[in-house]
Each structure stands twice: as structure tokens, then as C-alpha cells.
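Architecture and fold: a report
Residues per chain, in single letters:
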Amino acid sequence: MNIFLIGYRGTGKSTISKLLSKKLQKGFLDTDDLIVSIREKSIPEIFEKEGEKRFRKCETAALKKAVRENPSAVIATGGGLVLKPQNQRILRRNGICIYLFASEDEIYSRIFGDENRPALTNKSPRQEIHDVLAARKPIYESLADFSLDTGNQEAEKSAELILDALSKRGDLK
Ligand code: S3P
């Protein structure tokens, strides 16, 4: 069983996945890193030169590769990976999903000015977070086996809380 961390940008998916993978002694993967290594291009470069649609195709290919090669890893996913029904099916079939969330203010302060995160709309950064999050929230929630607010605590604490929840649910047997 894989453990997928899903959620919006800036909710701590990559950092917490790394910590979790160490605690669980499982492998760690990040679908964004996989895309960069497969394509040998940065994410902003792919968005800029090839467009978001092409990026989303690469994202599905990266997710397929990740689950084909890893039956039992902690996998951080890009914030928009959950959008495609095809990807949703892959997530459901290949592990459990932990939905990480934080307030819009928290997300804004974590991702503002990060040049590695291309704009998803032509709206202002705050409006983009508000609107994109509103559209995606039902999808994140529908996929989530459980959820965690990562806004008010260090990543280490979030990883510990996830470990506790996994253990209580019997997912670590
Ligand atoms: C995206 C989130 C990013 C990355 C790409 C698109 C999105 O991943 O996949 O910039 O659509 O929300 P992170 O959530 O790791 O920042």
C-alpha cells in the first residue's frame, strides 16, 4: 500500500512526506520531482513552453511510473494531480490518500514569491488561491482517507500526527 499526500500547494506535502517516509522506513517520491527528472525541464519551463495541458499529461505519466515501480512508498503529489478522474482512480487503487490543508492566509504566506510555482490562472495570487482551492476542495475531500490541518504546527508534528492516525486506523499492520 502506498501513502499519497494530496492537497493544495504550500500545505507541506513534500516536507511531511519525507519525514513520514523516514519514520515508516519506506521510500519517498514526489510526482513533481519525477516530472522534472523524466522531462529534464523545470516545472515553470514546462508550463511556459508547453502549457498546463501538456504538464498534466506528464503528471499522469509520472504517477503511473511511481505506482508501477513502488508498491509501498510515501508519495507527495502535485496540488493539481487530483483533477483528472484517471489520476483519481490510480490513487484509489494504489494506496490511501492523506489530505493536507491549511488556511488561505497560511498558503499565501508559504508560496508567495516562489518562482518554482507557475501561476495557474491570470488572477491575483490571493484570488487564485481562493478560487482554485474552492474548486479543488471537494475533490481532495472525496479522495481523503483522512485529513490534517498543517497550518498551525511544524512539519515534524504533522508527520507524528499522521503516524498516530495510520496506526489507529490499522494501516501499519
Ligand atoms: C500545481 C502544483 C505544483 C505543481 C504545479 C501545478 C497545481 O505542485 O505540480 O506547479 O496545479 O496546484 P505543489 O503542490 O507541490 O506545489
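First things first, this report covers the structure right here in the doc. This one's a predicted model, so the numbers in the text were calculated from it and none came from an experiment.

Looking now at helix α8 (residues 155-169). Because an α-helix packs 3.6 residues into every turn, residues spaced three or four apart end up facing the same way. The terminal C-alpha atoms of α8 lie 21 Å apart, and with 15 residues this matches the ideal 21 Å at 1.5 Å per residue to within 8%. Buried within α8 we find Ser158, Ala159, Ile162 and Leu166. Taken around the axis of α8, the buried residues stretch over an arc of 100°, which confines them to a single face. Those residues of α8 that are buried are in contact with β1 (2-6), α1 (13-24), β4 (95-101) and β5 (146-149). Downstream of α8 by a residue or two, glycine 170 has a phi angle that is positive, lying close to 80°.

On to the packing of helix α2 (residues 31-39) against helix α3 (residues 43-50). As a packed pair, α2 and α3 sit with axes 9 Å apart at the nearest point and diverge in direction by 65°. Put simply, α2 runs roughly perpendicular to α3. The segment α2 lies against α3, with Asp32, Ile35, Val36 and Arg39 engaging Ile43, Ile46 and Glu50. Residues belonging to the contact of α2 with α3 are distributed by class as follows: 4 nonpolar, no polar and 3 charged.

What follows is about the site of the ligand. Around the ligand, 15 residues are found, and the nearest of them are Lys13, Asp32, Arg56, Arg117 and Arg136. Arginine 56 places a side-chain nitrogen or oxygen 2.6 Å from an oxygen atom of the ligand. Glycine 80 places a polar main-chain atom, nitrogen or oxygen, 3.4 Å from an oxygen atom of the ligand. Here the ligand has 380 Å² of accessible area as a free molecule, and 96% of this is covered by the chains. Residue assignment for the shell around the ligand shows that the elements contributing at least two residues are α3 and α4 (52-69). Sorting elements by how many residues they give to the shell around the ligand places α4 first, with 3 residues.

Before going further, it helps to examine unusual backbone geometry. Here glutamine 25, not a glycine, exhibits a phi torsion of approximately 50°, which is positive. Structurally, glutamine 25 is set in the loop between α1 and β2 (27-30). Of note, the phi angle at glutamate 40 is positive, near 50°, even though the residue is not glycine. Summarising the element assignment, glutamate 40 is placed in the loop between α2 and α3.

For the rest of this paragraph, the subject is the pairing of β4. With respect to burial, β4 is a largely interior element, 6 of its 7 residues being buried. Of the pairings in the sheet, the one linking β1 to β4 comprises 5 bridges and is parallel in character. Within β4, the position partnered with leucine 5 by the bridge is isoleucine 98. The sheet contact formed by β4 and β5 spans 4 bridges and is parallel. Across the sheet, residue leucine 100 finds its bridge partner in β5, namely leucine 148.

Rules used throughout
Residues numbered from 1 in each chain as written. Predicted model: local features only at pLDDT ≥ 70, side-chain atom pairs only at ≥ 80, totals over all residues. Heavy atoms only, no water. Helix = DSSP H or I, 4+ residues; strand = E, 2+ residues; numbered from the N terminus. Expected span 1.5 Å × (residues − 1). Buried < 20%, exposed > 50% of the residue type's maximum accessible area, 1.4 Å probe, protein only. Arc of directions from axis to C-beta. Contact = heavy atoms within 4.5 Å. Axes fitted to C-alpha atoms, helices over the stretch in contact; angles between N-to-C directions. Parallel < 35°, antiparallel > 145°, perpendicular 65-115°, else oblique. Nonpolar A, V, L, I, M, F, W, Y, C, P; charged D, E, K, R; others polar. Near = heavy atom within 4 Å. Polar contact = N/O pair within 3.5 Å; in protein donor to acceptor, adjacent residues only side chain to side chain. Areas by Shrake-Rupley, 256 points an atom, 1.4 Å probe, with all protein chains shown as cover. Pairing = 2+ DSSP bridges.

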